[in-house]
Amino acid sequence: MSRIGIFGGSFNPPHKAHRAIVRAVKEQYDLDTVYFLPSAKPPHKSNDEMVSDDHRFRMVRFLIDSMDDDDVKISDFELKKGGISYTHETLESWKNNYPGDELFFIMGGDSLETFDTWREPEKITKYATLLVVPRMGMSDSELEKLCKNRSKQFGGSFLPVKIKSKYSLISSTVIRKKFADGIDMPEGISRRVWRYIRLHGLYGCELLKYSKPPDHKELRWCLKSTLRPKRLKHTIGVAETAQMLGNLYSNGEATFAWRAELAGMLHDCAKYYSDNEQIALCDEYGIELTKTERENPSLIHAKLGAYLARERYGVNDEEILSAIRLHTVGKPDMTTLEKIIYISDYIEPGRDIPTALHPLKVIREKVRHDLDGALIDVVENTIEYLGNSGRVIDEGSLDTWKYYSQKKGQDYD
Ligand code: DGI
Ligand code: FE
Ligand code: FE
């Protein structure tokens, strides 16, 4: 039987005290896994301070990443369900789905004081042991007394969590207020979450935007605060491959490899947004989408990425922007830089496509002396893969394929 901790909350935003609470309960109650369980934004409620479900979900994941503990996870159960979820319902479904789990529900001391107003408190205590975190200024003995009283009142067991007092001073409400008051980096916010908030101008803080591309270290931080670790690794692989090819094909242009690297770093910068967010952002920013793109939203991040590269990261170099825009489907007659990004995306060292028509090993070798040859291999692989998986092939991909396969034919004449 696994001992599972469930930490429900709005996490608006998540902060270091949440992290400390999870560490404390895990250790004090010997839990196998703890889940953050963000609640969905209530519909039609005038809670303007609550940022979107997507934003909160991502911020919680960044907080979890910073814990470096595989036994701390996130559950999107309530977000997926949408609207108001009652704790007793969530715990009941959890129990039904995982009858072998012994549940521990983590709650703040504040919630404990209003526990009698919760729906079906007796059901909650039936399904889970309640782990109670002290609120600001509450002594250990006060907490214990409260827990005992609540156990008497509702049955079940309420157990106290001991936590270092400095953490009880941190709260999402205080952090939001500090952001609104113009404090740049409120105490208690982790670095990745802070940067995420700044890059999206959440909680009324000043939007972080660059008027020219930030230096490498800074850019890495921005990407680390938006992309998942796997996507970041892929991004760095693409940037390094693009830089290597940039050196090979610089044609004497001193900054060419650097430009290729920057395009590689930014090529998937919009990819962390969900499909619906990408569509909504394009509509908001006036970026036109084709019918194929609306039906296959995995194509959109290229266009949206080029937009963000300009607006958020201060890139004015049109060729870098078009390389980002074209990296997914390409186009006929691309420039060297555009080809480099298109190919690097496919051949970076982290990619492994064992069943490809043209093996990656071959393309990685070919690209060093025959850029167009490598390009056509990538296009053919992509088209074959999409065909095999029954996906719609974008007109852009087809045009690219037609153009370069014809060109290849001519070269052989
Ligand atoms: O963003 P990456 O995963 O690094 O790679 P990508 O930008 O080349 O491709 C993103 C997705 O787009 C991937 O799932 C494959 C898909 N894709 C590429 N070309 C086409 C395509 N999907 C459709 N429907 N049609 C295309 O022509
Ligand atoms: Fe991509
Ligand atoms: Fe990519």
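What counts and what doesn't
- Residues numbered from 1 in each chain as written.
- Chains lettered and ligands numbered in written order.
- Predicted model: local features only at pLDDT ≥ 70, side-chain atom pairs only at ≥ 80, totals over all residues.
- Heavy atoms only, no water.
- Near = heavy atom within 4 Å.
- Polar contact = N/O pair within 3.5 Å; in protein donor to acceptor, adjacent residues only side chain to side chain.
- Areas by Shrake-Rupley, 256 points an atom, 1.4 Å probe, with all protein chains shown as cover.
- Helix = DSSP H or I, 4+ residues; strand = E, 2+ residues; numbered from the N terminus.
- Buried < 20%, exposed > 50% of the residue type's maximum accessible area, 1.4 Å probe, protein only.
- Donors = N, O, S within 2.8 Å, 3.2 Å for Na, K, Ca; no water.
- Contact = heavy atoms within 4.5 Å.
- Lys, Arg positive; Asp, Glu negative; His and termini not counted.
- Salt bridge = Lys/Arg side-chain N within 4 Å of Asp/Glu carboxyl O.
- Core = buried A, V, L, I, M, F, W, Y, C linked by side-chain atoms within 4.5 Å.
- Patch = residues over 30% accessible without salt bridge, like charges linked within 9 Å, V, L, I, M, F, W, Y side chains within 5 Å.
- Charge placed at Lys NZ, Arg CZ, Asp CG, Glu CD.
- Phe/Tyr/Trp six-rings, centres within 6.5 Å; stacked < 30°, edge-to-face > 60°.
- Lys NZ or Arg CZ within 6 Å of the ring centre and 35° of its normal.
- Pairing = 2+ DSSP bridges.
- Axes fitted to C-alpha atoms, helices over the stretch in contact; angles between N-to-C directions.
- Right-handed = clockwise from strand over helix to strand, strands pointing away.

### Section: the site of ligand 1
Neighbouring residues of ligand 1: 18 residues in total, closest Lys 271, Thr 328, Arg 351, Val 392 and Ser 397. In this structure, His 301 approaches ligand 1 through a side-chain N or O atom, which is 3.1 Å from an oxygen atom. Between ligand 1 and the protein, one listed contact pairs an oxygen atom with a side-chain N or O atom of Thr 328 at 2.8 Å. Protein coverage of the free-state accessible area of ligand 1, which is 560 Å², stands at 86%.

### Some thoughts on unusual backbone geometry
Residue Pro 13 is bonded to the preceding Asn 12 through a cis peptide linkage, with omega at 0 degrees. Among the secondary structure elements, Pro 13 is positioned in the loop between strand 1 (2-9) and helix 1 (16-28). Positioned with a positive phi, Asn 251 is a non-glycine residue whose angle comes to about 50 degrees. Given the relative accessible area of 78%, Asn 251 is considered exposed.

### Thoughts on the coordination of the iron ion (ligand 3)
Here the iron ion (ligand 3) is held by the protein donor atoms His 234 (NE2), His 267 (NE2), Asp 268 (OD) and Asp 345 (OD), which lie 2.1 to 2.2 Å from it. Between the donor residues of the iron ion (ligand 3), the gaps in sequence give the motif H-x32-H-D-x76-D. Separating the iron ion (ligand 3) and the iron ion (ligand 2) is a distance of 3.4 Å, and Asp 268 donates to both of them. Highlighted residues: Asp 268 in the loop between helix 12 (256-266) and helix 13 (275-285) and Asp 345 in helix 17 (residues 336-347), separated in sequence by 77 residues. A relative accessible area of 2% places Asp 268 in the buried class. Classification of Asp 345 as buried rests on a relative accessible area of 11%.

### With respect to the coordination of the iron ion (ligand 2)
Only Asp 268 (OD), His 301 (NE2) and His 327 (NE2) from the protein coordinate the iron ion (ligand 2), and they sit 2.1 to 2.2 Å from it. Exposure remark for His 301: the relative accessible area of 4% places this residue in the buried category.

### What to know about helix 13
Within helix 13, burial applies to Glu 277, Gln 278, Ile 279, Leu 281 and Cys 282. The inward-facing, buried residues of helix 13 contact helix 2 (53-65), helix 14 (291-295) and helix 15 (300-311). Looking at the residues trailing helix 13, positive phi occurs at Gly 286, about 70 degrees.

### Focus: the side chain of Glu 338
Inspection of the secondary structure puts Glu 338 in helix 17. No salt bridge is formed by the buried Glu 338, whose closest oppositely charged neighbour, Lys 331, lies at an N-O distance of 4.5 Å. A polar contact of 2.5 Å, which involves the side chain of Glu 338, links it to the side chain of Ser 322. Dropping the residues within four chain positions of it, Glu 338 is found in contact with Ser 322, Ala 323, Leu 326 and Lys 331.

### A few points about the environment of Lys 331
Tracing the sequence through the fold places Lys 331 in the loop between helix 16 (318-325) and helix 17. In this structure Lys 331 comes out as partly exposed when scored by relative accessible area, which is 34%. Separated by 60 residues in the primary sequence, Lys 331 and Arg 391 place their C-alpha atoms 19 Å from one another. Apart from the residues within four sequence positions on either side, Lys 331 is in contact with Leu 326, Glu 338, Thr 400 and Tyr 404.

### Points about the nonpolar core
With 93 residues, the main nonpolar core has Phe 36, Ile 197, Leu 266, Tyr 313 and Ile 343 as its most contacted residues. Those residues in contact with Phe 36 that sit more than four places away from it in its chain are Phe 7, Phe 11, His 18, Val 22, Val 60, Leu 63, Ile 64, Met 67, Val 72, Lys 73, Ile 74 and Ser 75. Leu 112, Phe 115, Ala 128 and Leu 143 belong to the second largest nonpolar core, which has 22 residues in total.

### Considering a negative patch on the surface
On the surface, Asp 30, Asp 32, Asp 68, Asp 70 and Asp 71 cluster together into a negatively charged patch. Along the chain, Asp 70 falls in the loop between helix 2 and strand 3 (72-74).

### Comments concerning the packing of aromatic side chains
Any pair of aromatic rings gets described here by the distance separating the centres and the angle formed by the planes. As enumerated under the stated definition, the model contains 17 aromatic pairs in all. Put simply, the rings of Phe 105, Phe 115, Trp 118, Phe 154 and Phe 158 touch in pairs and so form one group of aromatic residues. Here Lys 224 stacks its cationic end above the ring of Trp 221, 5.0 Å away from the centre of that ring.

### A closer look at the sheet that holds strand 2 (residues 33-38)
Strand order in the open sheet made by the six strands is 3-2-1-4-5-6, with parallel pairing throughout. Each edge of the open sheet carries a strand with a single partner, namely strand 3 and strand 6 (158-160). Within the sheet, the average angular offset between the axes of one strand and its neighbour, ignoring direction, is 30 degrees. Two strands pair when backbone bridges link them, and strand 5 (residues 128-133) and strand 6 are joined in this way by three bridges, in the parallel orientation. Residue Leu 131 lies in a different strand from strand 6, and its bridge partner there is Leu 159. Sitting on the sheet, helix 1 is in contact with strand 1, strand 2, strand 3, strand 4 (101-108), strand 5 and strand 6, with an inclination near 145 degrees to strand 2. Sheet strands in contact with helix 7 (residues 140-154) are strand 5 and strand 6, and its direction is about 175 degrees off that of strand 6.

### So, the pairing of strand 1
In the case of a regular strand, side chains alternate between the two sheet surfaces. Strand direction decides the pairing type here: strand 1 and strand 4, joined by six bridges, are parallel. Paired with Ile 4 across the bridge in strand 4 is Leu 103. Where strand 1 meets strand 2, six bridges bridge the pair, whose relative direction is parallel. Residue pairing for strand 2: Ile 4 is matched across the bridge by Thr 33. With helix 1 bridging strand 1 and the parallel strand 2, this β-α-β connection has right-handed handedness.

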